[in-house]
Amino acid sequence: MGHEELIASLRKEGEEKVQEVRNEAEAEAEKMRAETAGKIEQLRQEYRTMELRLTRAQEADILSSAEKKARIILLSAERSLSDRLFNLSLTCLHELRREGYENIFSALVKEIPQAGWEEVCVHSADAVMAQRYFPGSEIVSDDSISGGFEAASENRRRHIINTFEKRLERAWEELLPSLVIDTYREATRHGTTEGD
């Protein structure tokens, strides 16, 4: 599965959740703005005789606080979206095994130094292939690895993790902004219907 297919899959799976999170965050922010507006009007009626400067200072404090809370809610929503997209991405990693996986595995092996790796952990479906690339190493099956491998030697003092999961984790900060932008764009383009 290529980068574009992964993004398309993430868009499809995450679009509804993104819109739901956005709607909740926007509704909460709007509620806070409405409450803030009510408080400001009440202050104006009770303290009409006070100096204008004091009233403006109080308004500024209230609005600033409301905006900070709204930003916190939006940041929380984006963090939730990030977590959901990451977990969704993890579930799609097995798609990378479909075509040309042995070439991918071979490329991953070439990225590490040729050393006497004592133990190599791979998905159980990769055990035979791993034995060819790591002859003399103990091959350990670990089906939580969707692709790639972990190699260790010197009683695990030398340890290399070159799995799909670790590579996604390392690239996530670079991928996330594009995924969020694309997801929001898709959600905005398609809009939502009443009751979503």
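Residue positions are given per chain, counted from 1 along the sequence in the order it is written. Thresholds applied to this predicted model are a pLDDT of at least 70 for local features of residues and 80 or more for the giving and counting of side-chain atom pairs; totals over whole chains, interfaces and linings are not thresholded and use all residues. Excluded from the side-chain calculations are hydrogens and water; all other atoms, namely the structure's heavy atoms, are used.

**Digging into the overall build of the chain**
What counts is decided by this rule: Going along the chain from the N terminus, every DSSP run of H or I of four or more residues is numbered as a helix, and every run of E of two or more is numbered as a strand. Remark: exposure states derive from per-residue accessible area (1.4 Å probe, protein chains only) relative to the maximum for the residue type, with buried under 20%, exposed over 50%, and partly exposed in between. Any pair of residues with heavy atoms lying within 4.5 Å of one another is described as a contacting pair. With residues, only the protein chains shown are counted as cover, and all accessible areas are computed by Shrake-Rupley using a 1.4 Å probe. The charged-residue count follows a simple rule in which Lys and Arg add positive charge and Asp and Glu add negative charge, with His and chain termini not counted at all. Here the site of a charge means NZ on Lys, CZ on Arg, CG on Asp, or CD on Glu.
The secondary structure content of the chain amounts to five helices and four strands. Taken from N to C terminus, the helices and strands of the chain fall in the order α-α-α-β-α-β-β-β-α. For the C-alpha atoms alone, the extent of the chain along its principal axes is close to 90 × 40 × 20 Å. When the 196 residues of the chain are sorted by exposure, 34% land in the buried category. The contacts in the chain between residues at least 6 apart in sequence include a share of 65% that link residues at least 24 apart. Carbon and sulfur atoms make up 49% of the accessible area of the chain, which totals about 12,700 Å². Distance from the positive charge centre (28 side chains) to the negative charge centre (39 side chains) of the chain: 5 Å.

**A few points about the environment of S9**
Relative to the assigned elements, S9 resides in helix α1 (residues 3–46). Linking S9 and E20, residues 11 residues apart in sequence, is a C-alpha distance of 18 Å.

**A few points about the pairing of strand β4 (residues 158–163)**
Successive side chains on a regular strand alternate, one facing one side of the sheet and the next facing the other. What counts, and what does not: Paired strands, as defined in this entry, are two strands with at least two bridges between them according to DSSP.
Relative to β4, strand β3 (residues 148–153) is paired through six bridges, and the arrangement is antiparallel. Directly across from F149, in β4, lies its bridge partner N162. Here β3 folds back onto β4 in antiparallel fashion, the turn holding four residues, of which E154 has a positive phi close to 55 degrees.

**Notes on the sheet that holds strand β1 (residues 119–122)**
Quick note on the threshold: Axis geometry follows a simple rule: fit a line to the C-alpha atoms, using only the stretch in contact for helices, then measure angles between N-to-C directions, giving values from 0 to 180 degrees.
The strand order across the open sheet formed by four strands is β2-β1-β3-β4, and the pairing between neighbours is mixed. Either end of the sheet is taken by a strand with one partner, and the two such strands are β2 (138–141) and β4. Across this sheet, the average inter-strand angle for adjacent strands is 15 degrees, counted without regard to direction. Seen against the sheet, helix α3 (residues 101–110) touches β1, β3 and β4 and runs at an angle of roughly 30 degrees to β3. Contacts between helix α5 (residues 164–190) and the sheet are confined to β3 and β4, with β4 contributing the most and set at about 80 degrees to the helix.

**Details of helix α2 (residues 52–92)**
The condition is simple: Between the first and last residue of a helix there are one fewer steps than residues, each counted as 1.5 Å, and that sum is the expected span.
Between its first and last C-alpha, α2 extends 59 Å over 41 residues, near the 60 Å set by a 1.5 Å rise per residue. Listing the buried residues of α2 in full gives T55, E59, A66, A70, A77, L81, S82, L85, F86, L88, S89 and C92.

**A look at the packing of aromatic side chains**
In plain terms, the rule: Any Phe, Tyr or Trp ring, taking Trp's six-membered ring, that has another such ring centre within 6.5 Å forms a pair; planes under 30 degrees apart are called stacked, those over 60 apart edge-to-face, and the others tilted.
Applying the stated criterion across every chain, the model contains six aromatic pairs. Arranged with centres 5.9 Å apart and planes meeting at 85 degrees, the rings of Y101 and F164 form a pair that is edge-to-face. With a gap of 63 residues between them, Y101 in helix α3 and F164 in helix α5 connect regions that are remote in the sequence. We classify F164 as buried; its relative accessible area is 6%.

**Quick notes on the side chain of S82**
Positionally, S82 belongs in helix α2. When sequence neighbours within four positions are dropped, the list of residues in contact with S82 reads W172 and L176.

**Looking at the confidence of the model for the chain**
Heads up, the rule is: pLDDT measures the predictor's confidence residue by residue and takes values from 0 up to 100.
For the chain, the mean per-residue pLDDT works out to 84, and 90% of the residues sit at or above 70. Of all helices and strands in the chain, the one with the weakest mean pLDDT is α1 (76), whereas β1 scores best (96).

**Notes on the layout of surface pockets**
Put simply, the test is: Whether a set of points on the 1 Å grid over the protein atoms alone is a cavity depends on a 1.4 Å probe fitting there but being unable to get out, while an open set qualifies as a pocket with protein on both sides within 12 Å along at least five of seven lines; lining residues are those with an atom within 4 Å of a point. Grid points are joined across faces, edges and corners, and a volume is the space filled by probe spheres set on the points. For this classification, the nonpolar set comprises Ala, Val, Leu, Ile, Met, Phe, Trp, Tyr, Cys and Pro, the charged set comprises Asp, Glu, Lys and Arg, and every other residue, Gly included, is treated as polar.
Put simply, the second largest pocket is a space of about 160 Å³. Elements supplying a minimum of two residues to the lining of the second largest pocket: α1 and α2. In the lining of the second largest pocket, the residues fall into three nonpolar, two polar and three charged.

**Regarding the nonpolar core**
Stated precisely, the cut-off is as follows: Each nonpolar core is a collection of buried residues, namely Ala, Val, Leu, Ile, Met, Phe, Trp, Tyr and Cys, held together in the definition by side-chain atoms within 4.5 Å.
Ranked by internal contacts, the top residues of the largest apolar core, which has 24 residues, are L85, F105, V120, F134, F149 and W172. At the level of secondary structure, the elements contributing two or more residues to this core comprise α2, α3, β1, α4 (127–133), β3 and α5. The element contributing the most residues to this core is α5, with seven residues. With residues up to four places along the chain from it excluded, the contact list for W172 reads S82, L85, F86, S89 and L179.

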